[in-house]
Amino acid sequence: MSDAFVRVDGLHRSFDVSRPWLERTLSGRPRETLKAVDGVSFAIRRGETFAIVGESGSGKSTLARMVVGLLTPTAGDVVIDGVSMTGRADRSRRKELRRRIQMIFQDPFASLDPRWRAGPIIAEPIRAFGLADAREADRQAADLLRRVGLDPADARKYPHEFSGGQRQRIAIARALAPKAEFLVCDEPTSALDVSVQAQILNLMRDLQDALGLTYLLISHNLAVVRHMATTIGVMYLGRLVEVGPARTLFAEPRHPYTRMLLDAVPDLAMTGRRRMAVLGDAPNPIDPPAGCAFHPRCSLATDRCRAQAPALRDGVACHLVD
Amino acid sequence: MTSGPVLSVRDLKVEFASRRGVLRALDGVSFDIGRGEVLGLVGESGAGKSLTGAAVIGLLEPPGRIVSGEVRLLGERIDALPERQMRAVRGRRIAMVFQDPLTSLNPLYTVGQQIEQTILAHLPVSRREARRRAIDLLKEVGIQGAERRADAYPHEFSGGMRQRVVLALALCAEPDLVIADEPTTALDVSVQAQIIALIRKLCLERGMAVMLITHDMGVIAETADRVAVMYAGRIVETGPVAALVGAPLHPYARGLMAAIPRLDGDRERLAQIPGAMPRLQDLPRGCAFCPRCPENFAHCHVERPELVTRGEHRVACFLYGDGLADRAGDDGAAPAPEMDGAPGEAVP
């Protein structure tokens, strides 16, 4: 994978969730850590969409925040276009790289400053990175508004004057403003209605085709992921359990968890397929089960699964597939 | 009367008085739900589906109020009951399940206490009997080790388990009707399937009527017997679930179905409905969907379509009005006076 634009290498992140020191000392309880992301590696080629799908608590948002640099990894590295995001070297190159990586958040009501007008919101990154003077930045903001399907006259409006879908368009315009090449999108359409979701997904695809953007898409919605991604990674309790091309992954799922997720998706075609009710809930990530983290919910689990965690080999982390 | 529908809503209109004038949030909503039947009320945010639920159970926030129409529970009118009498209906005969189970439960009481208190509030039973029933209910909604778990607090349950507790709470007084407002939206897919199966099972076993409010067509397809699609405060199409999900008629319902990404779909473009739902203060004068509708024609701008029967469907769209010309002739006299004050409408 030498042609990878983004390379994520053995990424770990744990959080200290211990009780306060005094309580711990009095009750004799040990420190507790939550491994949110536990050794995740993947690569994204330029112009492609890599999607991470998983349920709440699987660590997918933590992963996204580490990739854009909002969180420091406990271990591991993110290398974008040959520049390490964690190493001590490359400080100046890393700063230049930051312009090229932008993020789109789930809630467009929270990610736009309510006291700023749309124009300045979009122009801010252009000025912050010193890419143009104020006049030119405003002109570019108007172009960007048109590009995301809004009216340049909307630049004078405040966020509350826009609908949810329009706000997400503004967030996309802001992300594109510093000529970003790599967008990390964390649940970009989860807060939107279906008909508006379709508009935003189509816009994201059009922009990708026109500008050659690379996306890391985080979502819990399997159909959205299937629709957008070239490659999909399925996450469970901080680890990737299966990675593969979008075309084949959902058609021929190999990991029991991927199969379970697919079975749980509502049947819109009404073929009469009964939705397979899933056993139990995801386990507590502070105290994950030994061996394969999925074994308590897996109908195929063996003694080996209970003792030894499977490694991701050939795109799947499951003892039964070997 | 008991052989009739459990809930019958007729021509319900809800208005909000605001500084900019009166906003009509529900405009002539009618539907029935029978015993053991799940009616799915589907629509996007702002369509009025949650408001319909709130109006039925008498929880409209002022200045919202029912201005006309009827809500009947087992034949008896409940839309104009005094608050004291309505409180005897709410919880006892109509129960409600909300989206977020954490906010519907009191964090300071064990789930057992909350269920017992609810039973004691509605039914003339002893404490001991209430406790026994609470544990039975927890068992019924599928909570393992119910005797032990009854003494646990809400934060000790996972999201899916909490929603089960909320369902148990709703069932306490053996209601005739359960209104479930987005009961699975806050849950993961894998857990969503469990809760949907549970709602279906309870509805069949107990013969309750269920009004399921959701934006998710997938949930509707699996749970509902009949569906009503809402848009801008009106029902635009109703029908049996298979007919409506399989072959929707109204352009909005069709657009909604086509906009959903499919698992088997390859990377082709999604069909999209342009624009967004109009705000209540600037509803168009004709069909509310007309500005976004790819198939609109002149008549859609001037008159609001009523629901007409078309096969198994009832649909409010002039594309399906049999003999539109006759209808326009009949109604021609009525809307004419209103047309004076409406500027900017091109009526060829």
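Just so we're clear, the structure is a prediction, and the values are computed from it rather than from any experiment.

Examining the overall build of chain B
1) Next: For chain B, the count of helices and strands is 12 helices and 12 strands.
2) Next: For chain B, the C-alpha radius of gyration of 22 Å lies close to 20 Å, the compact-globule estimate for 348 residues.
3) Next: Counting only C-alpha atoms, chain B reaches 75 × 55 × 40 Å along its principal axes.
4) Next: Within the span of chain B, comprising 348 residues, buried residues form 52% of the whole.
5) Next: Put simply, 65% of the contacts in chain B that link residues at least 6 apart link residues at least 24 apart.
6) Next: When the accessible surface of chain B is summed, it comes to about 15,500 Å², and 52% of that surface belongs to carbon and sulfur atoms.
7) Next: Treating the 41 positive side-chain charges of chain B as one cloud and the 44 negative ones as another, the clouds have centres 6 Å apart.

Describing the domain arrangement of chain B
1) Next: As assigned here, chain B comprises domain 1 (102–172) and domain 2 (250–262 + 271–336).
2) Next: Here the C-alpha centroids of domain 1 of chain B and domain 2 of chain B sit 46 Å apart.

Some remarks on the confidence of the model for chain B
Residue and element names in this part refer to chain B.
1) Next: Considering every residue of chain B, the mean pLDDT works out to 86; 91% of them sit at 70 or more.
2) Next: In the model, residues 325–348 has pLDDT below 50 throughout and makes 12 contacts with residues more than four positions away in sequence or in other chains.
3) Next: Here the predicted complex carries an ipTM of 0.80, next to a pTM of 0.84.

Points about the sheet that holds strand β9 (residues 226–231) of chain B
All names here are of chain B.
1) Next: Reading across the sheet, the eight strands line up as β6-β7-β8-β3-β9-β10-β12-β11 and stay open at both edges, with mixed pairing between neighbours. The outermost strands of the open sheet, each flanked by one partner alone, are β6 (94–97) and β11 (308–310). Along the sheet, successive strands turn relative to each other by an average axial angle of 20 degrees, direction set aside.
2) Next: Sheet topology note: the β9/strand β10 (residues 234–240) ladder contains six bridges and is antiparallel. Opposite M230, over in β10, you have I235 as the bridge partner.

Looking at the packing of helix α4 (residues 111–122) of chain B against helix α7 (residues 159–171) of chain B
All names here are of chain B.
1) Next: The geometry of α4 relative to α7 is characterised by a closest axis approach of 9 Å and an angle of 20 degrees between their N-to-C directions. Relative to α7, the element α4 is oriented roughly parallel. With respect to the hand of their crossing, α4 and α7 are arranged in right-handed fashion. Each of V111, Q114, I115 and T118 in α4 lies in contact with α7, whose residues at this interface are V165, A168 and L169.

So, the layout of surface pockets
All names here are of chain A.
1) Next: Taken as a whole, the second largest pocket holds about 550 Å³ of empty space.
2) Next: Around the second largest pocket, the lining is made up of 25 residues, and of these V68, L70, I101, Q102 and M103 lie nearest the centre.
3) Next: Tallied by class, the residues present in the lining of the second largest pocket amount to 15 nonpolar, five polar and five charged.

A few points about the interface of chain A and chain B
1) Next: Facing the 47 residues of chain A at the interface are 43 residues of chain B.
2) Next: For the pairing of chain A and chain B, the buried interface totals around 3,600 Å² over both sides, and the portion due to carbon and sulfur atoms is 52%.
3) Next: Counting across the chain A and chain B interface gives one salt bridge.
4) Next: When the shortest N-O distance is used, the salt bridge between R269 of chain B and D206 of chain A registers 2.5 Å.
5) Next: For the pair chain A and chain B, the interface holds 10 residue pairs in polar contact (both at pLDDT 80 or more).
6) Next: Of all elements in the fold, only α7 (194–211), α8 (222–228) and α10 (256–264) of chain A reach the threshold of two or more residues within the side of chain A that touches chain B.

What counts and how
Residues numbered from 1 in each chain as written. Chains lettered and ligands numbered in written order. Predicted model: local features only at pLDDT ≥ 70, side-chain atom pairs only at ≥ 80, totals over all residues. Heavy atoms only, no water. Helix = DSSP H or I, 4+ residues; strand = E, 2+ residues; numbered from the N terminus. Rg over C-alpha atoms; globule rule 2.2 N^0.38 Å. Buried < 20%, exposed > 50% of the residue type's maximum accessible area, 1.4 Å probe, protein only. Contact = heavy atoms within 4.5 Å. Areas by Shrake-Rupley, 256 points an atom, 1.4 Å probe, with all protein chains shown as cover. Lys, Arg positive; Asp, Glu negative; His and termini not counted. Charge placed at Lys NZ, Arg CZ, Asp CG, Glu CD. Domains from an automatic or database assignment. pLDDT = per-residue confidence, 0-100. Pairing = 2+ DSSP bridges. Axes fitted to C-alpha atoms, helices over the stretch in contact; angles between N-to-C directions. Parallel < 35°, antiparallel > 145°, perpendicular 65-115°, else oblique. Left-handed = near helix turned anticlockwise from the far one by under 90°. 1 Å grid on protein atoms, 1.4 Å probe; cavity = no way out; pocket = protein on both sides within 12 Å on 5 of 7 lines; lining within 4 Å. Points joined across faces, edges and corners; volume = space filled by probe spheres on them. Nonpolar A, V, L, I, M, F, W, Y, C, P; charged D, E, K, R; others polar. Buried area = accessible area lost by both parts, 1.4 Å probe. Salt bridge = Lys/Arg side-chain N within 4 Å of Asp/Glu carboxyl O. Polar contact = N/O pair within 3.5 Å; in protein donor to acceptor, adjacent residues only side chain to side chain.

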